[in-house]
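# Coordinate inspection notes
As a plain string of letters, each chain reads:
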Amino acid sequence: LQEAEGRAERTAHMLEEHALKVFETHRLVIQQVNLRMRFVDWSKDADQLDLHRLLRQAQDDLDQIATVTVVDAQGRLRASGRVYPPDPTITFLDRDYFKALRDHDSVIPYISSSYRGRTSGVDIFNLASRVASGNGRFDGVIAVSVDRNYFETFYRSVEPAIDHSVDLVRSDGAILARVPSVNLSAFPRPSRFLDTVTRGERSALFTTTSVIDGVPRIFALRKIGEYPVYVSFGISLDAALAPWRASLIDYGVEAGLAMIALLSASILALRQTERERVARHRWQETAAALQAEATERQKVEQQ
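In this report, we go over the structure that sits alongside the text.

What counts as what
- Residues numbered from 1 in each chain as written.
- Predicted model: local features only at pLDDT ≥ 70, side-chain atom pairs only at ≥ 80, totals over all residues.
- Heavy atoms only, no water.
- Helix = DSSP H or I, 4+ residues; strand = E, 2+ residues; numbered from the N terminus.
- Rg over C-alpha atoms; globule rule 2.2 N^0.38 Å.
- Buried < 20%, exposed > 50% of the residue type's maximum accessible area, 1.4 Å probe, protein only.
- Contact = heavy atoms within 4.5 Å.
- Areas by Shrake-Rupley, 256 points an atom, 1.4 Å probe, with all protein chains shown as cover.
- Lys, Arg positive; Asp, Glu negative; His and termini not counted.
- Charge placed at Lys NZ, Arg CZ, Asp CG, Glu CD.
- Arc of directions from axis to C-beta.
- Phe/Tyr/Trp six-rings, centres within 6.5 Å; stacked < 30°, edge-to-face > 60°.
- Lys NZ or Arg CZ within 6 Å of the ring centre and 35° of its normal.
- Core = buried A, V, L, I, M, F, W, Y, C linked by side-chain atoms within 4.5 Å.
- Pairing = 2+ DSSP bridges.
- Axes fitted to C-alpha atoms, helices over the stretch in contact; angles between N-to-C directions.
- Salt bridge = Lys/Arg side-chain N within 4 Å of Asp/Glu carboxyl O.
- Parallel < 35°, antiparallel > 145°, perpendicular 65-115°, else oblique.
- Left-handed = near helix turned anticlockwise from the far one by under 90°.
- Nonpolar A, V, L, I, M, F, W, Y, C, P; charged D, E, K, R; others polar.

### A short note on the overall build of the protein chain
On a plain count of helices and strands, the protein chain comes out with six helices and eleven strands. The C-alpha atoms of the protein chain give a radius of gyration of 38 Å, which is well past the 19 Å a tight globule of 303 residues would have. When each of the 303 residues of the protein chain is scored for burial, the buried share is 40%. Partitioning the contacts of the protein chain with sequence separation of at least 6, the portion at a separation of at least 24 is 53%. Carbon and sulfur atoms make up 53% of the accessible area of the protein chain, which totals about 17,000 Å². Here the protein chain contributes 38 positively and 40 negatively charged side chains, and the mean placements of these two sets differ by 3 Å.

### Observations regarding helix 3 (residues 96-103)
Considered for burial, the residues of helix 3 that qualify are Tyr-97, Phe-98 and Leu-101. For helix 3, the angular spread of the buried residues around the axis is 100°, confining them to a single face. Where helix 3 is buried, its residues meet strand 1 (65-72), strand 3 (110-111), strand 4 (115-116), strand 5 (123-130) and strand 6 (140-147).

### A short note on the packing of aromatic side chains
Per the stated rule, a full pass over the model turns up ten aromatic pairs. Look at Phe-125 and Phe-151: their rings are 6.0 Å apart centre to centre, the planes differ by 35°, and that puts the pair in the tilted class. Residue Phe-125 is located in strand 5, and its partner Phe-151 is located in helix 4 (residues 148-157); the two are separated by 26 residues in the primary sequence. Given a relative accessible area of 0%, Phe-125 falls into the buried group. By the ring-pair criterion, three or more aromatic residues cluster together here, those being Phe-23, Phe-125, Tyr-150, Phe-151, Phe-154, Tyr-155 and Tyr-227. Above the face of the Trp-42 ring, Arg-78 is positioned so that its terminal group lies 4.1 Å from the ring centre. Its guanidinium or amino end placed over the ring of Tyr-115, Arg-95 lies 3.7 Å from that ring's centre, counting from NZ or CZ.

### Description of the nonpolar core
One finds Phe-23, Val-33, Phe-125, Phe-151, Tyr-155 and Leu-168 to be the most contacted residues of the largest nonpolar core, which totals 46 residues. Top element by residues in this core is helix 1 (residues 2-37). It accounts for eleven residues. Each residue touching Tyr-155, except ones within four places of it in the same chain, is listed here: Leu-15, His-164, Val-166, Leu-168, Ala-177, Val-179 and Val-231. Formed by 14 residues, the second largest nonpolar core is a distinct cluster that contains Leu-77, Phe-92, Tyr-115 and Val-141.

### Some remarks on the sheet that holds strand 7 (residues 164-170)
The five strands lie next to each other as 8-7-11-10-9, forming an open sheet whose pairing is antiparallel. In this open sheet, the two strands that pair with only one neighbour each are strand 8 (175-179) and strand 9 (203-209). Here the strands of the sheet are splayed against their neighbours by 15° on average, with no regard to which way each runs. As defined by bridge partners, strand 10 (residues 216-223) adjoins strand 11 (residues 229-236) across seven bridges and the pair is classed as antiparallel. The residue of strand 11 that forms the bridge with Lys-223 is Tyr-230. Packed onto the sheet, helix 1 meets strand 7, strand 9, strand 10 and strand 11 and runs at close to 150° relative to strand 11.

### Some details on the pattern of salt bridges
Pairs can form between side chains of opposite charge whenever their charged atoms are close. Within this structure, the stated rule accounts for 21 salt bridges. Arg-178 is the salt-bridge partner of Asp-167, the closest N and O atoms lying 2.6 Å from each other. In this pair, Asp-167 sits in strand 7 while Arg-178 sits in strand 8, placing the two residues eleven residues apart along the sequence. We note that Asp-167, like Arg-178, is buried. Between Arg-199 and Glu-201 there is a salt bridge whose closest N-O contact spans 2.8 Å.

### Regarding the packing of helix 1 against helix 4
Across the interface, helix 1 lies against helix 4 with an axial gap of 12 Å and an inter-helix angle of 160°. Our classification of the angle between helix 1 and helix 4 gives roughly antiparallel. Where helix 1 crosses over helix 4, the two elements pack in a sense that is right-handed. Residues Met-14, Leu-15, His-18, Ala-19, Val-22 and Phe-23 of helix 1 pack against Tyr-150, Phe-151, Phe-154 and Tyr-155 of helix 4. Here the residues of the contact of helix 1 with helix 4 sort into nine nonpolar, one polar and no charged.

Shown next as structure tokens:
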């Protein structure tokens, strides 16, 4: 169990670094798009096409990006790396990241919930920031969509030889990515995971029964940098104890074979002892008979 706990902590630390690199890469993409948009004249088709090509290149160069999207202050699609020209009838007014950034600016990108992308058609979540207007006014949002399958494929490849689970979750319990996949958008309550997050702990190690699949697991939990996101790596207790049980079986087989050998030797020894006892008893009977006969013969001779 101690070895499994150490394994869970090491893997969770690796998953934290992986997620942090992805988030920071998306943050840099948002900054690059903001810099480029300072020189975009929306009345010129050539400028809009150049912006589309920049967004498209970011998508093509980075596997984890599903779409890079620019949304105006009215929630309409202004630019996209997936389609050109953008369809102005597509609206993002209902997206959580648009509502949040419209009401409040954020130093770090806002992490959206997970959903099916309107232009990409794949399961995604977004890192989003305001368009940098320079005047404090809300001019729209730049959103970089994270391909959920990118994370889940990577999570399945982590420790493939052991039964494990990986959860990438927002601090409010919204599930961004998970392996094994589940048809849930958020962690059920009450949850040891959410209790730990609520206490503000950056890392934790605990054993509990998962509220999602009901499997007892050893969990290692870590916060992703300054983002309100946590990653947890869980090893089932059965998987953690499997090496010990395998050793127990191996030693049990060896001990069983030794026991059978000793038992066989003991049975042979007991049979030999019994044969010797019977032979000794017969010899004693014979000796007694001979002694009696000799005594009788002596009496006859004396007479």
